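A closer look at the structure
If you want the building blocks of each chain, they are given just below.
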Amino acid sequence: EHILPKGKYPEYAVHAYNLIPCCSKCNSHKGEAILNKDNGLPHTLNLYYHDPDKFEFLQVECSLDSNNQPFFSYKLNFPSNTDPILTTIITNHFNRLHLIERYNEEVIKTYTAIEPIIKSLCSGKNISEALDAISNYFATVTSYYGINHHKIALLRCLISSSQYHTYLNRLL
């Protein structure tokens, strides 16, 4: 995908720093506008210039529904010492591409894909050993995906959420 639209900026159509991988859904939400009219900053992260993995900002909260099944909800939450310009660009990016809404729509599928791995890792273990196993798995996959990938944020939640620990303890 082109960060600067190739129709407006044909001279950058094949420039490496103007090209980023993008799924069709994100591409359909991206649009042609480059800057957010409210804050004058880019709508889209450019991973050549902006490093979103300097800090964790994508978080997941877990609660248990009336059937004691886990329910997950994504949100952005920036550390207090985060560069405000980068915070705004990341927020613009997530808003423009509807990422939080889309992650929340897909979280059941994401968790359903992860749960067999969790069950396998935790088989025959007590809760403390199970959480250690999940933490070890988390450390391994984080290096592949990065700290703010939606699956990594979900795993971080599974490790830290007392609500999820209650659910996990019933599975063990």
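In short, a report on the structure. Keep in mind the model is a prediction, meaning the values are calculated, not measured. (Residues numbered from 1 in each chain as written. Predicted model: local features only at pLDDT ≥ 70, side-chain atom pairs only at ≥ 80, totals over all residues. Heavy atoms only, no water.)

A short note on the overall build of the protein chain
The test is simple: Secondary structure is summarised from DSSP: a helix means a run of H or I of at least four residues, a strand means a run of E of at least two, and numbering begins at the N terminus for each. Only protein chains enter the accessibility calculation, which uses a 1.4 Å probe; a residue whose area is less than 20% of its type maximum is buried, one above 50% is exposed, and one in between is partly exposed. By definition, residues are in contact when any of their heavy atoms lie within 4.5 Å. Positive charges come from Lys and Arg, negative ones from Asp and Glu, while His and the chain ends are left out of the count. All charge positions are set by atom: Lys at NZ, Arg at CZ, Asp at CG, Glu at CD.
Along its length, the protein chain carries six helices and two strands. The secondary structure elements of the protein chain, listed N-terminal to C-terminal, are α-β-β-α-α-α-α-α. For the C-alpha atoms alone, the extent of the protein chain along its principal axes is close to 60 × 30 × 30 Å. Within the span of the protein chain, comprising 172 residues, buried residues form 39% of the whole. For the protein chain, the proportion of contacts with a sequence separation of at least 24, taken over those separated by at least 6, is 64%. The average position of the 15 basic charges and that of the 16 acidic charges among the side chains of the protein chain differ by 4 Å.

Considering the pattern of salt bridges
Here is the rule we go by: We count a salt bridge whenever a side-chain nitrogen from Lys or Arg sits within 4 Å of a carboxyl oxygen from Asp or Glu.
According to the stated counting rule, one finds three salt bridges in the structure shown. Glu106 serves as the salt-bridge partner of Lys109, at 3.5 Å between the closest nitrogen and oxygen. Here the residue Lys109 and the residue Glu106 both occupy positions in helix α3 (residues 99-122), the gap between them amounting to three residues, near one helical turn. Taking the relative accessible area as the measure of exposure, Glu106 reaches 30% and is therefore partly exposed.

Describing the side chain of Ser161
To be explicit about the condition: Within 3.5 Å is the distance limit for a polar contact, defined as a pair of N or O atoms, with the added protein rule that one can donate a hydrogen and the other accept it, and that residues adjacent in sequence qualify only through two side-chain atoms.
Mapping Ser161 onto the fold places it in the loop between α5 (150-160) and α6 (162-171). Ser161 gets classed as buried once you look at its relative accessible area, which sits at 9%. A polar contact is formed between the side chain of Ser161 and the backbone nitrogen of Tyr164, at a distance of 3.1 Å.

A short note on the pairing of strand β1 (residues 58-64)
Note the following rule: A pair of strands is labelled paired if DSSP reports no fewer than 2 bridges between them.
When β1 meets strand β2 (residues 70-76), the two strands line up antiparallel, connected through seven bridges. If you follow Val60 over to β2, its bridge partner there is Tyr74.

Some words on the nonpolar core
Rules: Nonpolar core, defined: a set of buried Ala, Val, Leu, Ile, Met, Phe, Trp, Tyr and Cys residues in which side-chain atoms within 4.5 Å join the residues together.
Ranked by internal contacts, the top residues of the largest apolar core, which has 37 residues, are Phe72, Tyr74, Ile118, Leu154, Leu158 and Tyr164. Those elements giving two or more residues to this core turn out to be β1, β2, α2 (84-96), α3, α4 (127-145), α5 and α6. Tallying contributions element by element places α3 first for this core, with eight residues. Once residues lying within four places of it in the same chain are set aside, the contact partners of Leu154 are Val60, Phe72, Tyr74, Val107, Thr110, Tyr111 and Ile114.

Some points on the packing of aromatic side chains
In plain terms, the rule: Ring pairs are drawn from Phe, Tyr and Trp, using the six-membered ring of Trp, whenever the two centres fall within 6.5 Å, and their geometry is named by plane angle: stacked under 30 degrees, edge-to-face over 60, tilted for the rest.
By the definition in use, this model includes twelve aromatic pairs. An angle of 90° between the planes, with centres 5.7 Å apart, marks the rings of Phe57 and Phe94 as edge-to-face. With Phe57 in the loop between α1 (24-30) and β1 and Phe94 in helix α2, the pair connects residues that are 37 residues apart, well separated along the chain. When sorted by exposure, Phe57 lands in the same class as Phe94, which is buried.

A short note on the packing of α3 against α6
The description of two helices packed together rests on the angle between their axes and the distance between the axes. Note the following rule: For helices, the axis comes from a line fit to the C-alpha atoms of the stretch in contact; other axes are also lines fit to C-alpha atoms, and the angle between any two N-to-C directions lies between 0 and 180 degrees. Here is the rule for angles: anything less than 35 degrees is roughly parallel, anything more than 145 is roughly antiparallel, 65 through 115 is roughly perpendicular, and the remaining ranges are oblique. Put simply, a crossing is left-handed when the front helix is turned counterclockwise from the back one by less than a right angle, and right-handed when it is turned clockwise.
At a closest axis distance of 11 Å, the pairing of α3 and α6 adopts a crossing angle of 60°. The angle between α3 and α6 places the two elements in the oblique class. Between α3 and α6 the crossing geometry is right-handed. Counting all contacts with α3, which are made through Tyr111, Glu115, Ile118, Lys119 and Cys122, the residues of α6 involved are Tyr164, Tyr167, Leu168 and Leu171.

A word on the environment of Leu76
Residue position: Leu76 is located in strand β2. Between the C-alpha atom of Leu76 and that of Gln59, which follows or precedes it by 17 residues, the distance is 6.1 Å.

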